[in-house]
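The primary structure of each chain is shown beneath.
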Amino acid sequence: MLKQYEDKLYGCRFCPMCKPANEVANLTLFESHSTRARAMLLWRISQGMIQWTPRAVELLYESTLDSISEAWCVSHYPVSSYVLAARADVYAAGLAPSAVQPALPTAPQVDLIAKTGDILLLACEIAEWGDPELAELALRILARAGQNAQSVHADSGATAYSLGALDTARQHAEQIDRVIRDSGAQMVIADSPQTLWALRCVYPALGVNLPDNVRIVSLLEHLAEAHSTGALTITPITGTRALIHDSRSAALLADALPKAEVIQPGFVGDESKLGSGSIYDAPRVLLQALGVESVFSVWTRALSRSSGADDGLWRTYPVLAEGLARHRLQHASELGADRVITDSPLQA
């Protein structure tokens, strides 16, 4: 799969411009963790100059899919796609590092929490985290908006896909497809951007096509819409400053990635220039309705730095994930936020 990205690797291997956005490299300060170094490694492998070594494979996995570098790049080179392609090649060849297999989901298993309603809440990220009470909370909020829903706990396969285990991801995608068809639901609400990314992007890439007559939307997109129509009443709170933390999956769902001007030093312009689309608008609409003052920096929206919970990193290399989380919380504090708000259970 990596061979199809030779031209992009050729460009990335000598370009250091995305270094400010590199997540793990800015944590470890290792050049080998930079996007440029990874691209150089993958270029040499794609050209048959070198073979995969245990350390090279580790370097491939000691990061997220690196969609932040993709967003920072003025040409938006498909960094996340070629990282994924390399991981798929490595996994198929049986060369994945020892940390990967334990991070993969087990055999597809579905837990139907409620059995009434034509709306299906797909609590995949909640299931990955392991707290069903979060799904019950979401069902109560939907009920406040006058909607009955059935909730399903199941792994979406998104993490397996991110780690290159495409066959495992396909098994979970096929299971979710059967659940949606059997439920008879007219609307599927994804509990997070990662789940929405799986439904909208990953499944088609795996050849799993969901029913055409089912509307697919994220939980916060749906709640923002319910608020706009008056179906959901929100009681404002005061005295709070919050940073909205966007997951890396959101960038893969954005209508548009950042404008070139945002990478200039000292950018303080329109926040929407950092990435646009309903995946970013929904949490901000709800936050405004809550009366919460928001703070932001260039590391927002499609340039949001990872909390460590993205793309399975929290399972494969938890020490790196913890470091990213600490950096993210420190950044929120530096911006004067007293809390971080996110639309992702894993990020929270």
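Going by the structure above, here's the rest.
Residues numbered from 1 in each chain as written. Predicted model: local features only at pLDDT ≥ 70, side-chain atom pairs only at ≥ 80, totals over all residues. Heavy atoms only, no water.

The three strands lie next to each other as 7-6-8, forming an open sheet whose pairing is parallel. If you trace the sheet from one side to the other, it starts and ends with strand 7 (293-295) and strand 8 (339-342), each paired once. Averaged over all adjacent pairs, the angle separating strand axes in this sheet is 45°, with direction ignored. Note that strand 6 (residues 241-245) and strand 7 share three bridges and pair parallel. (Pairing = 2+ DSSP bridges. Helix = DSSP H or I, 4+ residues; strand = E, 2+ residues; numbered from the N terminus. Axes fitted to C-alpha atoms, helices over the stretch in contact; angles between N-to-C directions.)

Moving on: helix 3 (residues 35-46). Under the 1.5 Å per step criterion, the end-to-end length of helix 3 is 16 Å for twelve residues, consistent within 8% with the ideal 16 Å. Of the residues making up helix 3, those classed as buried are Thr 35, Arg 38, Ala 39, Leu 41, Leu 42, Trp 43, Ile 45 and Ser 46. Buried residues belonging to helix 3 abut helix 1 (6-12), helix 4 (54-61), helix 5 (67-72) and helix 6 (79-92). Looking one or two places after helix 3, you find Gly 48, whose phi comes out positive at around 75°. (Expected span 1.5 Å × (residues − 1). Buried < 20%, exposed > 50% of the residue type's maximum accessible area, 1.4 Å probe, protein only. Contact = heavy atoms within 4.5 Å.)

This part is about the packing of aromatic side chains. Applying the stated criterion across every chain, the model contains four aromatic pairs. Each ring, one from Trp 129 and one from Trp 314, has its centre 5.8 Å from the other, and the planes form 55°; the classification is tilted. Pair noted here: Trp 129 is in helix 7 (residues 124-129) and Trp 314 is in helix 15 (residues 313-316), with a separation of 185 residues, a long-range link. On the basis of an interplanar angle of 70° and a centroid distance of 5.9 Å, the ring pair of Tyr 161 and Trp 197 is categorised as edge-to-face. Residue Tyr 161 is found in helix 9 (residues 158-162), and its partner Trp 197 is found in helix 11 (residues 193-205); the two are separated by 36 residues along the sequence. Take Trp 197: its relative accessible area is 6%, and that puts it in the buried class. Seen from the ring of Tyr 77, Lys 8 lies directly overhead, with NZ or CZ sitting 4.8 Å from the centre. Residue placement shows Arg 305 over the ring face of Trp 299; its charged tip is 3.8 Å from the ring centre. (Phe/Tyr/Trp six-rings, centres within 6.5 Å; stacked < 30°, edge-to-face > 60°. Lys NZ or Arg CZ within 6 Å of the ring centre and 35° of its normal.)

What follows deals with the nonpolar core. Judged by nonpolar contacts, the single largest core of 78 residues is most densely connected at Tyr 82, Leu 199, Tyr 203 and Leu 303. Of all the elements, helix 6 adds the most residues to this core, at eight residues. When sequence neighbours within four positions are dropped, the list of residues in contact with Tyr 203 reads Ser 156, His 172, Ala 173, Ile 176, Ala 198, Val 208 and Leu 210. One finds Ile 126, Met 187, Leu 219 and Ile 234 within the second-largest nonpolar core, a separate group that totals 23 residues. (Core = buried A, V, L, I, M, F, W, Y, C linked by side-chain atoms within 4.5 Å.)

Moving on to the pairing of strand 4 (residues 187-190). The alternating pattern of strand 4 places Met 187 and Ile 189 and Val 188 and Ala 190 on opposite faces, both of which are buried. Pairing geometry for strand 2 (residues 119-122) and strand 4, over four bridges, is parallel. Paired with Ile 119 across the two strands is Met 187, which belongs to strand 4. Bridging between strand 4 and strand 5 (residues 215-218) involves four bridges; their strand directions are parallel. Its bridge partner being in strand 5, Val 188 is matched across the sheet by Ile 216.

A separate point is helix 16 (residues 318-334). With 17 residues, helix 16 ought to run about 24 Å at 1.5 Å a step, and its terminal C-alpha atoms sit 24 Å apart, in line with that. Taken as a whole, helix 16 has its buried residues at Leu 320, Ala 321, Gly 323, Leu 324, Arg 328, His 331 and Ala 332. Turning to helix 16, the residues buried within the fold contact helix 2 (25-28), strand 6, helix 15 and strand 8. At the exit of helix 16 stands Gly 336, carrying a positive phi of roughly 85°.

Packing of helix 8 (residues 132-144) against helix 12 (residues 219-228) leaves a shortest axis separation of 11 Å and a crossing angle of 20°. With respect to each other, helix 8 and helix 12 are oriented roughly parallel. Helix-helix and strand crossings are classified by hand; for helix 8 and helix 12 the assignment is left-handed. In contact with Ala 138, Ile 141 and Leu 142 of helix 8, helix 12 contributes Leu 219, His 222 and Leu 223. A breakdown of the residues in the contact of helix 8 with helix 12 according to their chemical character gives five nonpolar, one polar and no charged. (Parallel < 35°, antiparallel > 145°, perpendicular 65-115°, else oblique. Left-handed = near helix turned anticlockwise from the far one by under 90°. Nonpolar A, V, L, I, M, F, W, Y, C, P; charged D, E, K, R; others polar.)

Quick look at the packing of helix 12 against helix 14 (residues 278-290) now. Relative to each other, helix 12 and helix 14 sit at 50°, their axes nearing to 8 Å. Relative to helix 14, the element helix 12 is oriented oblique. As for how helix 12 packs across helix 14, the hand of that crossing is left-handed. In this structure, helix 12 uses Leu 220, Glu 221, Leu 223, Ala 224 and His 227 to contact helix 14, whose residues at the interface are Ser 278, Ile 279, Ala 282, Pro 283, Val 285, Leu 286 and Ala 289. A per-class count over the contact of helix 12 with helix 14 returns nine nonpolar, two polar and one charged.

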